[in-house]
Amino acid sequence: MAEIYRVGVVGCGGMGRSHTRAWSEHPRAEVVALADVDLERARALAGEHDVAAVFGDYRELLSSEQIDILSVPTWQGVRAEVTIAAAEAGVKGVLGEKPIAAAVGEADDMIAACERAGTKLAIGHQGRFAPAPNEVRRLVAAGAIGEPTMVHHRAKANAGLLNTGTHAIDGWRYMLSDPKPLWVIGNTSRTTDRWERRSPCEDLCMGLVCFEGGVRGVYEGDLPEPAVDMATVYGTEGQIRSEQGGVRPGGGLLLQNGDQAGWQQIEPPPVAENQYDEFVAWLDGEIEEHRSSGVQARYTLEVMMAIYESLRVKGVVELPLTTRECPLDMMIDDGTLPVLVEGRYDLRAPFPEQAPRG
């Protein structure tokens with residue numbers, strides 16, 4: 001009889017609800033414990049899924065329960081400490097949310113701790129399981145547009161690099177069969193006291209990324225209008241576009257190359273497994289590595305940090321990035337990016353002093 005994995009979830013907000021529901025519905029998993037600093041929120045979620053053990057501190061969960069898999073859908077600022085503690089507690093696998101951490105040094109510490117303990121680490125870049133990105137990856141690998149030359153992403157407004165950038169950059173790499181990034185040049189502006197999920201956030205930024213083989217990636221975050229309509233992937237012999245603009249889970253694709261005149265409409269086939277299925281298969285030893293492993297997620301974070309680092313060093317940033325701290329935080333701390341418009345605010349949730357009083 002196949003093993004039933006005991007699952008704990010740390011962080012019971014929106015993504016915590018998603019992880020709890022997915023694991024509760026998985027035939028090879030049983031959610032046995034939840035933890036959140038907001039104990040009432042954890043209790044409410046536990047009641048929806050008949051979870052017996054509820055904690056206000058993840059350390060209590062790890063010391064009190066025998067956990068095989070720990071989901072960590074917290075905000076990025078605390079993910080490293082929870083993951084490292086889980087590895088040291090002997091948890092078999094950790095599934096975090098994106099981005100992997102708030103700085104490259106934290107990501108490196110997470111990966112190292114998991115390697116020491118034999119803990120498998122994956123990060124929830126669920127776009128790697130969506131139909132459209134998988135079909136683009138197949139088409140590019142099959143040479144449908146020749147050699148790929150450029151990918152582009154214009155982020156939605158008022159979201160922040162660590163939010164939308166992690167989707168875009170990880171998506172680029174996946175569609176291109178995960179090439180290593182070679183160098184980055186970019187620019188960043190921060191004159192307001194802007195935060196996102198309690199991490200300092202830029203007002204706007206852009207980045208040019210060079211991947212193995214010379215493919216360029218262009219990222220735009222909160223840049224002024226007008227927007228430019230760009231293909232999903234350009235190649236030497238054609239291009240792939242999305243019918244909806246951007247590669248979306250349910251969207252169709254348009255392919256233009258020399259095989260036919262005009263645009264070919266493509267409906268991406270469904271993907272059989274999701275990130276939870278693949279995580280269980282990884283623990284079972286059926287696959288060599290989860291497609292969203294911590295190692296892959298580090299590349300995404302590294303590129304985002306290199307966009308900030310490019311401003312800090314005023315030049316091209318060769319990868320791998322060795323700056324452990326977040327360069328944006330460093331520039332805020334040393335006065336390079338002073339706040340010119342007072343008033344701290346978070347794009348995701350108000351700070352406690354700004355929350356409505358009932």
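Everything discussed here concerns the structure shown above.
Residues numbered from 1 in each chain as written. Predicted model: local features only at pLDDT ≥ 70, side-chain atom pairs only at ≥ 80, totals over all residues. Heavy atoms only, no water.

Asker: What exactly am I supposed to notice about the packing of aromatic side chains here?
Answerer: Two measures describe an aromatic ring pair: the distance that separates the ring centres and the angle between the ring planes. If you walk through the whole model with that rule in mind, you get five aromatic pairs. Ring plane angle 85° and centroid distance 6.4 Å describe the contact between Trp172 and Phe211, whose orientation is recorded as edge-to-face. A residue pair is termed long-range when its members are at least 10 positions apart, and Trp172 in helix 7 (residues 161-175) and Phe211 in strand 11 (residues 204-211) qualify at 39 residues. For the residue pair Trp172 and Phe211, the accessibility class agrees, reading buried in each case. Judged by centre distance (5.7 Å) and plane angle (90°), the rings of Trp195 and Phe351 are edge-to-face. Linking Trp195 in strand 9 (residues 192-196) with Phe351 in the segment after strand 18 (341-346), this pair joins segments that are 156 residues apart in sequence. The class for Phe351 is buried, based on a relative accessible area of 4%. Taken together through their ring pairs, the aromatic side chains of Trp23, Tyr276, Phe279 and Trp282 make up a single cluster. The ring of Phe351 is capped by Arg344, whose NZ or CZ atom sits 3.6 Å from the centre of that ring. (Phe/Tyr/Trp six-rings, centres within 6.5 Å; stacked < 30°, edge-to-face > 60°. Helix = DSSP H or I, 4+ residues; strand = E, 2+ residues; numbered from the N terminus. Buried < 20%, exposed > 50% of the residue type's maximum accessible area, 1.4 Å probe, protein only. Lys NZ or Arg CZ within 6 Å of the ring centre and 35° of its normal.)

Asker: It is not clear to me how the pattern of salt bridges should be interpreted in this structure. Could you clarify?
Answerer: Pairs may arise between side chains of opposite charge once their charged atoms sit close together. The tally for this structure, following the rule as stated, stands at 29 salt bridges. The salt bridge involving Arg17 is made with Glu48; its shortest N-O contact spans 2.6 Å. Of this pair, Arg17 sits in helix 1 (residues 14-25) while Glu48 is found in helix 2 (residues 39-49), placing the two residues 31 residues apart along the sequence. The exposure class assigned to Glu48 is partly exposed, which follows from its relative accessible area of 45%. A salt bridge links Glu196 to Arg197, with the shortest nitrogen-to-oxygen separation between them at 2.8 Å. For the pair Glu196 and Arg197, a shared accessibility class is recorded, and that class is buried. (Salt bridge = Lys/Arg side-chain N within 4 Å of Asp/Glu carboxyl O.)

Asker: Could you clarify how one ought to interpret helix 6 (residues 131-141) in this entry?
Answerer: Note on helix geometry: an α-helix contains 3.6 residues per turn, so any two residues three or four positions apart are oriented the same way. All buried positions along helix 6 are accounted for by Ala132, Pro133, Asn134, Glu135, Val136, Leu139 and Val140. On its buried face, helix 6 sits against strand 7 (148-154), helix 7, strand 13 (233-235), strand 14 (238-242), strand 15 (253-257) and strand 16 (264-266). (Contact = heavy atoms within 4.5 Å.)

Asker: Where do I start with helix 5 (residues 104-117) in this structure?
Answerer: If you check helix 5, its first and last C-alpha atoms are 20 Å apart, about what 14 residues at 1.5 Å a residue would give, namely 20 Å. Those residues of helix 5 not exposed but buried are Val104, Gly105, Ala107, Met110, Ile111, Ala113 and Cys114. Close packing links the buried residues of helix 5 with helix 4 (76-88), strand 6 (120-123) and helix 9 (294-313). With its phi angle positive at about 75°, Gly118 sits one or two positions after the end of helix 5. (Expected span 1.5 Å × (residues − 1).)

Asker: Even after reading the chapter, I still don't get the packing of helix 1 against helix 8 (residues 275-284), so can you show me in this structure?
Answerer: Two quantities define a packed helix pair, namely the angle between the axes and the distance from one axis to the other. At a minimum axis separation of 10 Å, helix 1 and helix 8 run at an interaxial angle of 60°. If you check the angle between helix 1 and helix 8, you find them oblique. The hand of the helix 1/helix 8 crossing is right-handed. Contacts from Ser18, His19, Ala22 and Trp23 of helix 1 reach helix 8 at Tyr276, Phe279 and Val280. Across the contact of helix 1 with helix 8, the residue classes tally to five nonpolar, two polar and no charged. (Axes fitted to C-alpha atoms, helices over the stretch in contact; angles between N-to-C directions. Parallel < 35°, antiparallel > 145°, perpendicular 65-115°, else oblique. Left-handed = near helix turned anticlockwise from the far one by under 90°. Nonpolar A, V, L, I, M, F, W, Y, C, P; charged D, E, K, R; others polar.)

Asker: Looking at this model, I keep getting lost on the packing of helix 7 against helix 9. Mind explaining?
Answerer: Where helix 7 contacts helix 9, the two axes come as close as 9 Å, and the packing angle between them is 125°. Here helix 7 lies oblique to helix 9, going by the angle between them. The interaxial crossing formed by helix 7 with helix 9 has right-handed handedness. Residues Leu161, Leu162, Gly165, Thr166, Ile169, Asp170 and Arg173 of helix 7 pack against Gln296, Tyr299, Thr300, Leu301, Val303, Met304, Met305, Ile307 and Tyr308 of helix 9. Looking at side-chain class alone, the contact of helix 7 with helix 9 contains ten nonpolar, four polar and two charged residues.

Asker: Sorry if this is basic, but what is going on with the sheet that holds strand 15 here?
Answerer: Paired through their backbone hydrogen bonds, the strands of a sheet run either parallel or antiparallel. The mixed open sheet is built from nine strands, whose spatial order is 16-15-14-13-7-12-11-8-17. Edge strands, defined here as strands with exactly one partner in the open sheet, are strand 16 and strand 17 (317-318). Running at roughly 55° to strand 8 (residues 181-189), helix 9 makes contact with strand 8, strand 11 and strand 17 of the sheet. (Pairing = 2+ DSSP bridges.)

Asker: So what exactly am I meant to see when it comes to the sheet that holds strand 4 (residues 69-72) here?
Answerer: Ordered by their spatial adjacency, six strands build an open sheet running 3-2-1-4-5-6, and the pairing between neighbours is parallel. Looking at which strands have only one partner, the edges of the open sheet turn out to be strand 3 (53-55) and strand 6. Neighbour-to-neighbour, the strand axes of this sheet turn through a mean angle of 20°, independent of strand direction. Pairing analysis gives three bridges linking strand 2 (residues 29-35) to strand 3, with the strands arranged parallel.

Asker: Explain unusual backbone geometry here, please?
Answerer: The peptide bond linking Lys98 to Pro99 adopts the cis configuration, its omega dihedral lying at -5°. By the element assignment, Pro99 lies in the loop between strand 5 (93-96) and helix 5. Of note, the amide linkage connecting Leu319 to Pro320 takes the cis form, showing an omega dihedral of 15°. With respect to the helices and strands, the residue Pro320 is situated in the loop between strand 17 and helix 10 (327-333). One non-glycine residue, Arg197, adopts positive backbone phi at about 50°. Assignment of secondary structure puts Arg197 in the loop between strand 9 and strand 10 (199-200). Look at Arg198: it is not a glycine, yet its phi comes out positive at around 70°. Turning to its location among the elements, Arg198 is positioned in the loop between strand 9 and strand 10.

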